2 protein chains.
Amino acid sequence: MAHKSANYRYLVLGLLAQQPMSGYDIKNLLSNLSWLVSSPSFGSLYPTLHALQRDGLVTMTVVLRENKPPRKVYRITTAGNEALRAWIDQPVAAETSIRTFLMYLITAGACTPTALLTHLQQRRSQVAMRHSALERAASAQDATTGTGQHLIIDYALALAAAELAWLDQALQRLSMTTLPAYEQV
Amino acid sequence: MAHKSANYRYLVLGLLAQQPMSGYDIKNLLSNLSWLVSSPSFGSLYPTLHALQRDGLVTMTVVLRENKPPRKVYRITTAGNEALRAWIDQPVAAETSIRTFLMYLITAGACTPTALLTHLQQRRSQVAMRHSALERAASAQDATTGTGQHLIIDYALALAAAELAWLDQALQRLSMTTLPAYEQV
DNA sequence: CGTATCATGTAACTAGTTACATGATTCA
DNA sequence: TGAATCATGTAACTAGTTACATGATACG
């Protein structure tokens, strides 16, 4: 089943796959991205970390520091990496939101370049479809179309176009580093 | 307090402010935008409509049709419009997500052109700040920066740039229709 | 005759927020 | 002394999903 559920569990696990962090660190990091992915409150972040630890996907060590409160640093385990990989390897759903795609990008460091390439290619074809669907919707507009409807289509079209351009650029760079054989011909 | 909560209540109310619809209609409409705003399941959509009706913000009429199951068409009440207006008129929070902004655009048809103009201007200044913050983050990257981190910053930067361009264009068009006085000088 | 679309709904569960509580340190 | 940042946590609540149930009509 293609993943739709975008819970914080895997987002947190993906961040810990890149480097060990405390709950407070994670919160700060995600706050900077709050306009793209809504960031969790402490009230859900700490319990999430406890659950990951309980399930053996992360371990915790208390780090004592002078003149500052102690921090609980979490790091991913082998089982955690496996669980993350299994989640990542699921196929991309057609309705994948920006939010879910961003979660994927965050965890991208934890997967192989080939897997990343495949994922971005799948994403590209989906965004392209949405883009053309929006273009059709835009040209189908008439006098009865409300201001809201018009603005949304226009806005969505602009974002889709920008993402397409970004994906093309990213794919080009990635294919160069992943498959350098082509350059040597 | 600037709004952060992006619950479906006001999204649904905003859609009904534009035209009367059934729950099924709303679901279809939002499914087309599922990659931007995650669309509600029926399990939350129908209870939301019941709650809105209970609170007197919408009314419901059963429409019988031949050869098709009856539909329950909801339409916004005066109290509903007032509640929506009150929600819309809240100041734009600094961390407003794409999701919340989109909800605003959807309900934009229900507010005055001046209010829309002000809102878009506020949004523009915020996106501009995020954009420059991201540019700083991008130039601060070094060899230790993970692939995930790099991709996210790059992606976010592309989206922010696209939104800025869109906002400038939208603001220009809007100021022409809202304040035609300038053209007559 | 089975499957797809239209159309509504409820119940059990999960995930998340809000609001609170703690306690140290630093800065004005 | 009072506020701000660092750092963790819990309890009560709200919002949401998943999975089910219903029943008609249309299509092949």
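Residues numbered from 1 in each chain as written. Chains lettered and ligands numbered in written order. Predicted model: local features only at pLDDT ≥ 70, side-chain atom pairs only at ≥ 80, totals over all residues. Heavy atoms only, no water.

1. Focus: the protein's contact with DNA strand D
Right, on to step 1. Around DNA strand D, the surrounding shell holds 23 residues, and the nearest of these are Y24, R65 and K72 of chain A together with S41 and N67 of chain B.
Right, on to step 2. Considering DNA strand D, the proportion of its atoms within 4 Å of the protein that are sugar or phosphate atoms stands at 71%.
Right, on to step 3. Take Y8 of chain B: an N or O atom from its main chain is 3.5 Å from a phosphate oxygen of DNA strand D.
Right, on to step 4. S44 of chain B has a polar side-chain atom sitting 3.3 Å from a phosphate oxygen of DNA strand D.
Right, on to step 5. Looking at the surface near DNA strand D element by element, the count peaks at five residues for strand β3 (residues 68–76) of chain A. (Near = heavy atom within 4 Å. Polar contact = N/O pair within 3.5 Å; in protein donor to acceptor, adjacent residues only side chain to side chain. Helix = DSSP H or I, 4+ residues; strand = E, 2+ residues; numbered from the N terminus.)

2. Quick word on the relation of the copies chain A and chain B
Right, on to step 1. Between chain A and chain B, the superposition needs a rotation of 180° and an axial shift of 0.0 Å, giving an RMSD of 0.1 Å. Both chain copies can therefore be described as sitting about a two-fold axis.
Right, on to step 2. The fraction of interface residues of chain A whose copies in chain B are also interface residues reaches 100%, indicating that both copies meet through the same surface. (Least-squares fit on C-alpha atoms with pLDDT ≥ 70 in both. Contact = heavy atoms within 4.5 Å.)

3. A closer look at the sheet that holds strand β1 (residues 21–22) of chain B
Residues and elements named next belong to chain B.
Right, on to step 1. Within the open sheet, the three strands sit side by side as β1-β3-β2. Their pairing is antiparallel. The open sheet is flanked by β1 and β2 (58–65), the only strands paired with a single partner.
Right, on to step 2. Sheet topology places β1 next to strand β3 (residues 68–76); two bridges connect them, and they run antiparallel. Looking at the pairing, M21 lines up with Y74 of β3.
Right, on to step 3. Against the sheet, helix α3 (residues 42–54) makes contact with β2 and β3, and its axis sits at roughly 120° relative to β2, the strand it touches most. (Pairing = 2+ DSSP bridges. Axes fitted to C-alpha atoms, helices over the stretch in contact; angles between N-to-C directions.)

4. Quick word on the interface of chain A and chain B
You'll often see interface size given as the accessible area lost when the parts meet.
Right, on to step 1. Counting residues at the interface gives 39 residues for chain A and 39 residues for chain B.
Right, on to step 2. For the chain A face of the interface with chain B, the top three residues by lost area are W35, I152 and Y155 of chain A, together amounting to 25%.
Right, on to step 3. Run the count over chain A and chain B and you get two salt bridges.
Right, on to step 4. For the interface between chain A and chain B, the tally reads eight residue pairs in polar contact (both at pLDDT 80 or more).
Right, on to step 5. Going through the elements one at a time, α5 (98–107), α6 (113–139) and α7 (147–178) of chain A are the ones with two or more residues in the side of chain A that touches chain B.
Right, on to step 6. Top contributing element to the side of chain A that touches chain B by residue count: α7 of chain A, with 16 residues.
Right, on to step 7. Here the residues of the side of chain A that touches chain B sort into 21 nonpolar, 11 polar and seven charged. (Buried area = accessible area lost by both parts, 1.4 Å probe. Salt bridge = Lys/Arg side-chain N within 4 Å of Asp/Glu carboxyl O. Nonpolar A, V, L, I, M, F, W, Y, C, P; charged D, E, K, R; others polar.)

5. Description of the confidence of the model for chain A
Right, on to step 1. Averaged over all residues, the pLDDT of chain A equals 86, while 89% of them reach at least 70.
Right, on to step 2. The model gives residues 1–5 of chain A a pLDDT under 50, and that stretch makes 12 contacts with residues more than four places away or in other chains. (pLDDT = per-residue confidence, 0-100.)

6. Quick word on the side chain of Q126 of chain A
Right, on to step 1. Mapped onto the elements of the fold, Q126 of chain A is located in helix α6.
Right, on to step 2. Leave out the neighbours within four places in its chain, and Q126 of chain A touches V92, A93, A94 and T96 of chain A.

7. Describing the packing of helix α5 (residues 98–107) of chain B against helix α6 (residues 113–139) of chain B
Angle between the axes and distance between the axes: these two values describe a pair of packed helices.
Residues and elements named next belong to chain B.
Right, on to step 1. As a packed pair, α5 and α6 sit with axes 12 Å apart at the nearest point and diverge in direction by 165°. One finds that α5 runs roughly antiparallel with respect to α6. Taken as a pair, α5 and α6 cross one another with a handedness that is left-handed. For the pair α5 and α6, the contacting residues are I98, F101, Y104 and L105 in the first and A115, L116, H119, L120 and R123 in the second.
Right, on to step 2. Grouping the amino acids of the contact of α5 with α6 by side-chain chemistry returns seven nonpolar, one polar and one charged. (Parallel < 35°, antiparallel > 145°, perpendicular 65-115°, else oblique. Left-handed = near helix turned anticlockwise from the far one by under 90°.)

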